[in-house]
Amino acid sequence: MDLHYLTAHELGGLLQHREVSAVEATEALIDRIEALDGRVQAYLTRTAEQALEQARAVDAARARGEEPGPLAGVPMALKDNLCTEGVRTTCASRILGDWVPPYDAAVVRRLKAAGAVILGKLNMDEFAMGSSTENSGFFPTRNPWDLERVPGGSSGGSVAAVAAGEAVYALGSDTGGSIRQPASFCGVVGLKPTYGRVSRYGLVAFASSLDQIGPITRDVTDCALVLGAIAGHDPFDSTAADLPVPDYRAALKPGIKGLKVGVPREYFGAGMEPEVEAVIRRAIAKLEELGAICEETSLPHTEYALPAYYLVAPAEASSNLARYDGVGFGLRVPGRDIIEMYMNTRSQGFGPEVKRRIMLGTYALSSGYYDAYYLKALQVRTLIRRDFETAFTKYDLLATPTSPTVAFRLGERAGDPLAMYLSDLCTIPINMAGLPALSLPCGFSQGLPVGLQLIGKAFDEVTLLQAAYTFEQSTTYHRRRPELGVA
Amino acid sequence: MEYEAVIGLEVHTELKTNSKAFCGCTTAFGGEPNTHVCPVCLGLPGVLPVINRRVVEFGLKTALALNCQVEPFCKFDRKNYYYPDLPKNYQISQYDLPLARKGYLTITVDGQERVIGITRVHMEEDAGKLIHVDGPDGGYSLVDYNRTGVPLLEIVSEPDLRTPAEARAYMEKLKTILQYLDVSDCKMEEGSLRCDANVSVRPRGSQVLGTKTEVKNMNSFRALQRALEYEIERQIAVLEGGGQVQQATMAWDEARGVTYIMRTKEEAQDYRYFPEPDLVPLEIDGDWIEQVRAGLPELPDARCHRLINDYGLPAYDAGVITSSRALADYFDRVVSLYPDAKVVSNWIMGDFLRLLNAAGLEPGSSPVPPEEMAALLQLQKEGTISGKIAKQVLEEMFATGKGARLVVEEKGLVQISDAGALARIVEEVLAANPGVVEDYRNGKDKALGFLVGQVMKATKGKANPGLVNQLLKERL
Amino acid sequence: MPITTAEVEHVALLARLKLSPGEKAAYTEQLNAILEYMDKLNALDTRDVEPTAHVLPLHNVFRDDVARPGLPRDRALAGAPEASEGQFKVPRVV
Ligand SMILES: [Zn+2]
């Protein structure tokens, strides 16, 4: 039995029935990482010892007759922008160096309480700024489906690990598509929950009004399971809504008869690969076949989402990243006085994309340009929200491609920031509106996975998961595995 | 030419909440450096602020006491600038939508009442403390984040103040109000009450504002007044000399008694304010405002008027007594036990305050509780002790903390009102001073006073003076 | 609204970034390309549109005023590049 390719709910079942121990499962995953990660390069930090300790604790609890829950003993991993007490957290940036947080992120606390076994910390674009994981301050992660291609980003390490069987599931973060776009590139399920559904406490901030943590899994059932474990109010996050958390897994019932699905035409624009479009169209036809009522619609301000996003997100980032100054933690590069120390530290500690966005955001907020850029972008954000509000008076869900292309080659877009930004065209508007959206495998193009994006109403992850589950139950794309040349 | 100054004050007051504005760390003073800190106030990656409800409540109390309009909707903003006492390199503050606006307070200077406008009241977080250590290569600085994140209110006045004395009176009045509200310790020396001043001068009668400077680093009321006096003179001298005042931030040097330039306009900061995405806005409805208003204590102006109207106290006395909530509370308590307000006022304004000041004590920490003060006045009224002895007793009470009756008994200070006992002493005094007796009989009225004094001396001041007079006159 | 090299230098100072001459030139060019793309937004009339700073309709989220223990000092200082006498040590602030 290939333990490493079991889903969390499958492995959880075996663990609960004592057919496999948590230590066995954890060892299997550690072996898999050993065998593969030299090529995939998903992990920045591995915590095998700690993982085995957590696994032993779960086994001991079960031996005592306790049942710590479906995720207990299931090995997983975290994007390296989630703070872990006692384990270094780098955000894939040189500026954090070997910084070890003295606290756990809220989601990490919750997962630990649920008995999660944490295998390590996963690679990403530095400070989650990027769409390919090539902006990692350490090394790029490879796409398990084609090692010469990017896994997408910024949660590239997270999706690559899940796709390659180096973690049963992972957590990522999504500010403009950083969970969904890589999930699409690597053929896994990635959910960005509604803004406010999951506490951001302990997620190293990129753009606070857009960031959200979400699950990256190999099927929709796992997605529901993990979301249920991490969602909910948190007194440490003012923006984590105090709303009841449904039992997402129990809500997974196949059937989308009569579900009204809008298909916004703006998401099928120029730059879209025809074969990707064909796959998406077939997936939408499949939804219809399953009983959904699909209809073309329009979100007229879609084209403005990207430029507005690239003002809002860098502006917030320029402020969020001001704390990396060589004073309290992380890297310090000495200087004659404090200002020189700041400048040396930040210039050497941040990579080029991070600096570019800090520059852009600082400019957008600076005196004389605030109204023209930042305020304008916030107003456009309102127009984008209204588009969705209008659409959701008619539809239960929206369906779009997650990305206009399949995974591109390493280095292909590295020299052109604007071209790189365009790969998030289909995902960014959803962050601007704060809505939940997931990407699920819906076919292949050139042998590479294609993702279908489903967008839901605020806090209605249930409808989203149900539709995705129905689609998944009638297809087999999620069962395909990349050829990695190992058993 | 005659000039007048135009002064506006920006006051920062630390709120005396239990915990910091956005995290659960204590706000307690003292403490070893960096022992009142947590990931949030250290600004570590990943942390988020959550506003302390009491900060808003204290802000509302203050806004209402200053007659402000509370905004139905307000939000927090980030003020971005790099400084090592600010771990996030931004301060959470309020920019375009503050908690409250358009208030006022009244001050009285040289018997003249003036209304001073309050532009705005907003909430923000305090920074940490830097210590500069000299050494090679310019030395280094040490940073303590214990005060980082302590809640502050910023209270900005209109440029309505015209003299350093008015500025001081405004500051003193503001301190009194904040103390009445019990929202701040208001210790200028410890930095829990701080003030920056915007100052300009112009020819008297002109409506045009001159170029202003901002004066910082004034750590006492006296420093505020001195710094403003100096800065106004300096600006006038610049203008008189044909020069122009340079827009700048000045610092007050207490030791040298001068202001000096900290930074000029060219170096002015670009704070890049934008809405704080980690905090949600505040909506303050009428119900909340009324609830806070209902909980406001009687404020100094109202209390002062009550003392004048209900007790007939002179305005000056009422002003002094109500300048401190603790003193006014003391007064009210004594009057409730000894209902002769004028007598109470005289004692408090006189010996009580003198002893308190001499001991460097606040009314709230007086060793003589109001109950004992009332008991002392009662002893005097009953005739158990004379007024003169009462003063001695009060001093003893202050020194020892003992009750009035106990001091009187221990020291044997009960007034001698026994006519039989006094008559004997009167006889002795008359026998010992035949010459004076002769003088009196020859019409020298002053001689009587001498004889009374001799009797008092013989009784160590305990004789009832009225009775002594009466006995002497009978015998002569 | 093309951004000049002087503005790039000013922004770099505000952001406390030291840029090499090469970086200055590259950022000037790239920021101009990006900002040109942003000008797309000017096609939209937003005069009466409220800005969206928060997507959530939340307000008045509070914490009770209860003091809790924070970090022990050694843990607070554990990540500091330089510390002395229980404090964070930095080059002299001028
Ligand atoms: Zn704290």
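The rules behind each value
Per chain, residues are indexed from 1 in the order of the written sequence. Each chain gets a letter, beginning with A, and each ligand a number, beginning with 1, in the order they are written. For this predicted model, a pLDDT threshold of at least 70 governs which residues receive local features, and a threshold of 80 or more governs which side-chain atom pairs are given and counted, while totals over whole chains, interfaces and linings are taken from all residues. The basis for the side-chain values is all heavy atoms of the structure; hydrogens and waters are excluded. What counts as a helix is a DSSP run of H or I of at least four residues, what counts as a strand is a run of E of at least two, and both are numbered from the N terminus. For this measure, only C-alpha atoms enter the radius of gyration; the expected value for a globule follows 2.2 Å times N^0.38, where N is the number of residues. Buried means the residue's accessible area, taken with a 1.4 Å probe over protein chains only, is under 20% of the maximum for its type, while exposed means over 50%, and partly exposed covers the values in between. Domain segmentation is taken from an automatic or database assignment of domains. Two parts placed together each lose some accessible area under a 1.4 Å probe, and the buried area is that loss summed for both. For this document, the term salt bridge refers to a Lys or Arg side-chain nitrogen within 4 Å of an Asp or Glu carboxyl oxygen. Note on definitions: a residue-residue contact is assigned when non-hydrogen atoms from the two residues lie within 4.5 Å. Amino acid classes used here: Ala, Val, Leu, Ile, Met, Phe, Trp, Tyr, Cys and Pro are nonpolar; Asp, Glu, Lys and Arg are charged; the rest, including Gly, are polar.

What about the overall build of chain B?
Assigned secondary structure in chain B consists of 15 helices and 16 strands. For 476 residues, the compact-globule formula gives about 23 Å, and the C-alpha radius of gyration of chain B, at 30 Å, lies well above that figure. Along the three orthogonal principal directions, the C-alpha set of chain B runs to about 95 × 55 × 55 Å. Per-residue burial for chain B yields a buried fraction of 55% across its 476 residues.

Digging into the domain arrangement of chain B
Residues and elements named next belong to chain B. Examined at the domain level, chain B breaks down into domain 1 (3-290), domain 2 (298-410) and domain 3 (419-475). If you average the C-alpha positions of domain 1 and of domain 2, the two centres end up 36 Å apart. A combined buried area of about 730 Å² lies between domain 1 and domain 2, and 58% of that area is made up of carbon and sulfur atoms. Where domain 1 touches domain 2, the interface holds 1 salt bridge. With its nearest N and O atoms 2.7 Å apart, the salt bridge here joins Lys173 to Asp301.

Details of the pattern of salt bridges
When charged atoms on two side chains of opposite charge get close, those side chains can pair. Residues and elements named next belong to chain A. In total, this model carries 65 salt bridges over all chains according to the counting rule given. Salt-bridge contacts for Asp104 lead to Lys112; the nearest nitrogen and oxygen are separated by 2.8 Å. Classification of Asp104 by relative accessible area gives buried; the value is 10%.

Notes on the interface of chain C and chain A
At the junction of the two partners, chain C supplies 52 residues and chain A supplies 62 residues. Both sides of the chain C and chain A interface together cover about 5300 Å² of buried area, and 69% of this is carbon and sulfur. For chain C, the biggest contributors to the area lost against chain A are Arg16, Leu41 and Val55 of chain C; these three give 12% of the whole. Joining chain C to chain A, the criterion identifies 4 salt bridges. The closest approach of N and O atoms between Lys40 of chain C and Glu303 of chain A, which form a salt bridge, is 3.2 Å. Going through the elements one at a time, helix 1 (5-14), helix 2 (21-38) and strand 2 (87-91) of chain C are the ones with two or more residues in the side of chain C that touches chain A. When the residues that make up the side of chain C that touches chain A are grouped by side-chain class, the tally is 35 nonpolar, 6 polar and 11 charged.

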